[in-house]
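Summary of the model geometry
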Amino acid sequence: MTSSPRTRDLEVATRLALEAGELLRAHLRAGLTVEHKTSIDDPVTAADREASHLITAGLAAAFPDDGLLSEEEADSDRRLGRERVWIVDPIDGTKEYASGSDDYCVSIGLAVAGEPVLGVVYAPATDELFAGTVGGDVSYRGPRAAGTGSAPWRVAVSDTEHGRELHRVGLPGLHPSGSIALKLARIAAGHADATFTMSPRSEWDIAAGHALVRAAGGDLRRRDGQPITYNRPSPHVEQGIIGGTPAALEWLEGQLQDFALPTAHLGLRPDAPAWTTLDAADQAALSGHPGVFIRHAGGRVLALLVVDPATRTVERAHGDAFHLERLTRDVTRALGALTPAGR
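Residues numbered from 1 in each chain as written. Predicted model: local features only at pLDDT ≥ 70, side-chain atom pairs only at ≥ 80, totals over all residues. Heavy atoms only, no water.

1. Structural notes on the pattern of salt bridges
Operational definition: Think of a salt bridge as a Lys or Arg side-chain nitrogen and an Asp or Glu carboxyl oxygen that are within 4 Å of each other. To sort residues, take the accessible area from a 1.4 Å probe on protein chains only and compare it with the maximum for the residue type: under 20% means buried, over 50% means exposed, and anything in between is partly exposed.
Considering all chains together, one arrives at 21 salt bridges under this definition. In this structure, Arg 6 and Asp 9 form a salt bridge, with 3.7 Å as the shortest nitrogen-oxygen distance. Here Asp 219 ties to Arg 214 by a salt bridge, and the two come within 3.1 Å at their closest N and O atoms. Judged by its relative accessible area of 26%, Arg 214 falls in the partly exposed class.

This is the structure:
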């Protein structure tokens, strides 16, 4: 690993990722008790919480002036006033971890002024370690993987999205797996070329991987082409994401358009490109509403939910049943359990 201005940042994050990885292996040896947050697809274990505490306590001790955001810790708006913010997912791929799959990792990212600048991703089951800084380099420790870098491109996708709908699409080069942080890290290491999602992700899912991809010369952005920034008041990206090496990313964006693959857009506002998929009546009726959620593709709305964010009461719901179910799942993960209208 070459010297850089962020050498100490990287050393601390790497040490904590390795320590958290050993903690996760110890929990597996002892046996897990699995709970669920919003659905069976959203599990959590005591290992998530203990690994989060280990990492955040270590970061706070090493960098007391920095902000912290972790999936498993209570959020605080104190981070919003900090230029440097550590963004942590103690287990990205908890479902895979709990089921005995190797496809999970520890993810520690650093954002400065909203931009991802450092990432450490550690996969305890395979002992793969990815670490890097934007403006520095990306190091990889682990088993050798088949190289890519030219067409046909290798596209890492969600195993959940692949099992539910992507397997029916003719998009070439799909390789389903679990952890999005691990997908991004493997793109940075040259083991895959690109990735995308239809459902939104949260900052802790992608911050470290985003920094690694950027360090390797690629990028990650929202499906509408807008940039992803970090340390926002709500740490959830409103829509699906797309990223990869420059040539693969350009190819993949064209493929997604050609195949009209859907994405959700949560908290839709009139200034978003997807606003134009609403018909004129809905644009007039919903302008200024804080709880407009859609799933769209090919310039048309496939499903729409209008929800009161304060009460999580559904005010309107319509669209194709499959896409409405997918959208409801995404909104539930962002807001919590929804209350049907009339209850």
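Moving on from the model shown.
2. Describing the packing of aromatic side chains
Quick note on the threshold: Ring pairs are drawn from Phe, Tyr and Trp, using the six-membered ring of Trp, whenever the two centres fall within 6.5 Å, and their geometry is named by plane angle: stacked under 30 degrees, edge-to-face over 60, tilted for the rest. Where helices and strands are cited, they refer to DSSP runs of H or I of at least four residues and of E of at least two residues respectively, numbered from the N terminus. Placement of a positive charge over a ring is assigned whenever Lys NZ or Arg CZ falls within 6 Å of the ring centre and within 35 degrees of the normal to the ring plane.
Under the defined criterion, the tally for this structure stands at 3 aromatic pairs. Seen in terms of ring centroids, Phe 63 and Trp 86 are 5.2 Å apart; in terms of plane orientation they differ by 25°. Their pairing is stacked. One end of the pair, Phe 63, is in the loop between helix H2 (46–62) and strand E3 (67–70); the other, Trp 86, is in strand E4 (residues 84–92), and 23 residues separate them in sequence. With respect to burial, Phe 63 and Trp 86 carry one shared label: buried. Geometrically, the ring pair formed by Tyr 97 and Tyr 104 is edge-to-face, given 4.8 Å between the ring centres and 65° between the ring planes. With respect to class, Tyr 97 is no different from Tyr 104; both count as buried. The lysine or arginine in question, Arg 84, covers the ring of Phe 63, its NZ or CZ lying 5.3 Å from the ring centre. Across the ring face of Phe 322, the terminal group of Arg 168 is positioned such that the distance to the ring centre comes to 5.5 Å.

3. Section: H2
For clarity, the threshold we go by: Under the convention used throughout, the expected extent of a helix is 1.5 Å for every residue step, that is, one less than its residue count. Think of the arc as the fan of directions from the helix axis to the C-beta atoms. When checking whether two residues touch, look at their non-hydrogen atoms; a contact exists if any pair is within 4.5 Å.
With 17 residues, H2 extends 24 Å between its outermost C-alpha atoms, agreeing within 8% with the 24 Å of an ideal straight helix rising 1.5 Å per residue. Considered for burial, the residues of H2 that qualify are Ala 47, Asp 48, Ala 51, Ser 52, Ile 55, Thr 56, Gly 58, Leu 59 and Ala 62. Taken around the axis of H2, the buried residues stretch over an arc of 160°, which confines them to a single face. Among the exposed residues of H2, those oriented more than 90 degrees off its buried face are His 53 and Ala 61. Residues of H2 that are buried in the fold lie against helix H1 (7–30), strand E2 (43–45), E3, E4, helix H3 (94–99) and strand E5 (105–112).

4. Concerning the pairing of strand E10 (residues 174–177)
So the rule is basically this: At least two bridges found by DSSP between two strands is the condition for calling them paired.
Inspection of the sheet shows strand E9 (residues 155–158) paired to E10 by 4 bridges, in the parallel sense. Opposite Val 155, over in E10, you have Leu 174 as the bridge partner.

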